[in-house]
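# Architecture and fold: a report
Take a look at the letters that make up each chain.
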Amino acid sequence: MDEMISTEREYVRSLSYIIQHYFPEMERLDLPQDLRGKRSIIFGNVEKLWDFHSQYFLKELEACAHSPLSISSCFLRHEDQFGMYALYSKNKPQSDALLSSHGNEFFKNKQLELEDKMDLASYLLKPIQRMSKYALLLKDLIKECSQ
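As annotated in an unreviewed UniProt entry, the chain carries the name Pleckstrin homology domain-containing family G member 4B and is attributed to Austrofundulus limnaeus.

Laid out in structure tokens, this is it:
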């Protein structure tokens, strides 16, 4: 449970980081022409994912900290919201293509300014990785509870 909650907090921080630091870059006057008006392609529904996880899911996980078996109801209660990941995953190849053709160079300057080891593409991979992480953490939780 501790790992589920701590990694969820980190995930919410990462989504917030994208919104806080990279969204404003799309408003810059020197934004390459090929990136103009493409925020939804580059970032997909990151803002909606952040809103769901920060406002609802993280709080519910934290509330389940001392009753691990109740965590399943958190996932089931939000089944529809997890459907947002299907949309994110469907959009991801377009995002990757746009970043590799035009965005990586532009966003690299922001990464250097932030003195961050991770580039935007790495941050945008986090929602995909998070879904796999849930599966692993739930398997571990089932194993621990069955003992």
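Text resumes after the structure shown.
What follows concerns the overall build of the chain. Looking only at helices and strands, the chain features 7 helices and 0 strands. The secondary structure elements of the chain, listed N-terminal to C-terminal, are α-α-α-α-α-α-α. C-alpha atoms of the chain, sized along the principal axes, occupy 55 × 30 × 25 Å. For the chain, buried positions account for 39% of its 147 residues. Element-wise, carbon and sulfur atoms account for 54% of the exposed surface of the chain, whose accessible area totals about 8,600 Å².

On inspection of all chains with the given rule, the structure shows 14 aromatic pairs. Look at Phe82 and Tyr134: their rings are 5.8 Å apart centre to centre, the planes differ by 90°, and that puts the pair in the edge-to-face class. Within this pair, whereas Phe82 is found in helix α5 (residues 79–82), its partner Tyr134 is found in helix α7 (residues 120–146), the two being separated by 52 residues in sequence. Chaining the aromatic ring pairs together yields one cluster made of Phe52, Phe57, Phe75, Phe82, Tyr85 and Tyr134.

Right, let's get into the nonpolar core. In terms of nonpolar packing, the biggest core is built from 38 residues, with Ile18, Ile42, Phe43, Phe57, Phe107, Leu120 and Leu124 touching the most fellow members. Elements with a contribution of two residues or more to this core: α1 (2–22), α2 (39–43), α3 (46–63), α4 (71–77), α6 (84–114) and α7. Top contributing element to this core by residue count: α1, with 8 residues. In this structure Leu120 touches Ile18, Tyr22, Ile42, Phe43, Leu99 and Phe107, once residues within four positions along its chain are discounted.

Moving on: the environment of Lys92. The residue Lys92 is located in helix α6 in this model. Leave out the neighbours within four places in its chain, and Lys92 touches Leu124, Leu125 and Ile128.

Quick look at the side chain of Arg130 now. Relative to the assigned elements, Arg130 resides in helix α7. Here Met4 takes part through its backbone oxygen, which lies 3.5 Å from a polar atom of the side chain of Arg130. The residues contacting Arg130, other than those within four sequence positions of it, are Met4, Thr7, Glu8, Tyr11 and Leu137.

Compared with an ideal rise of 1.5 Å per residue, which puts 21 residues at 30 Å, α1 spans 30 Å between its outermost C-alpha atoms and is within 8% of the ideal. Among the residues making up α1, those that are buried are Met4, Ile5, Glu8, Tyr11, Val12, Ser14, Leu15, Tyr17, Ile18, Ile19, His21 and Tyr22. In this fold, the buried residues of α1 make contact with α2, α3, α4, α6 and α7.

Moving on, we come to α7. Under the 1.5 Å per step criterion, the end-to-end length of α7 is 40 Å for 27 residues, consistent within 8% with the ideal 39 Å. Along α7, the largest kink reaches about 35° and is centred on Pro127.

Attention shifts here to the pattern of salt bridges. Taken as a whole, this structure holds 11 salt bridges when the rule is applied. Across the pair Glu10 and Arg13 runs a salt bridge, and its minimum N-O distance is 3.0 Å. Within this pair, Glu10 and its partner Arg13 are both found in helix α1, separated by 3 residues, close to a single helical turn. Overall, Glu10 belongs to the partly exposed group, its relative accessible area being 38%. The partner of Arg39 in a salt bridge is Glu47, and the shortest N-O contact between them spans 3.0 Å. Residue classification places Glu47 among the partly exposed residues on the basis of a relative accessible area of 38%. Among the ionic contacts, a cluster of salt bridges with common partners joins Glu25, Arg28, Asp30, Lys110 and Glu113.

Quick notes on the rules
Residues numbered from 1 in each chain as written. Predicted model: local features only at pLDDT ≥ 70, side-chain atom pairs only at ≥ 80, totals over all residues. Heavy atoms only, no water. Helix = DSSP H or I, 4+ residues; strand = E, 2+ residues; numbered from the N terminus. Buried < 20%, exposed > 50% of the residue type's maximum accessible area, 1.4 Å probe, protein only. Areas by Shrake-Rupley, 256 points an atom, 1.4 Å probe, with all protein chains shown as cover. Phe/Tyr/Trp six-rings, centres within 6.5 Å; stacked < 30°, edge-to-face > 60°. Core = buried A, V, L, I, M, F, W, Y, C linked by side-chain atoms within 4.5 Å. Contact = heavy atoms within 4.5 Å. Polar contact = N/O pair within 3.5 Å; in protein donor to acceptor, adjacent residues only side chain to side chain. Expected span 1.5 Å × (residues − 1). Bend = angle between axes of the 7 residues up to and from the residue. Salt bridge = Lys/Arg side-chain N within 4 Å of Asp/Glu carboxyl O.

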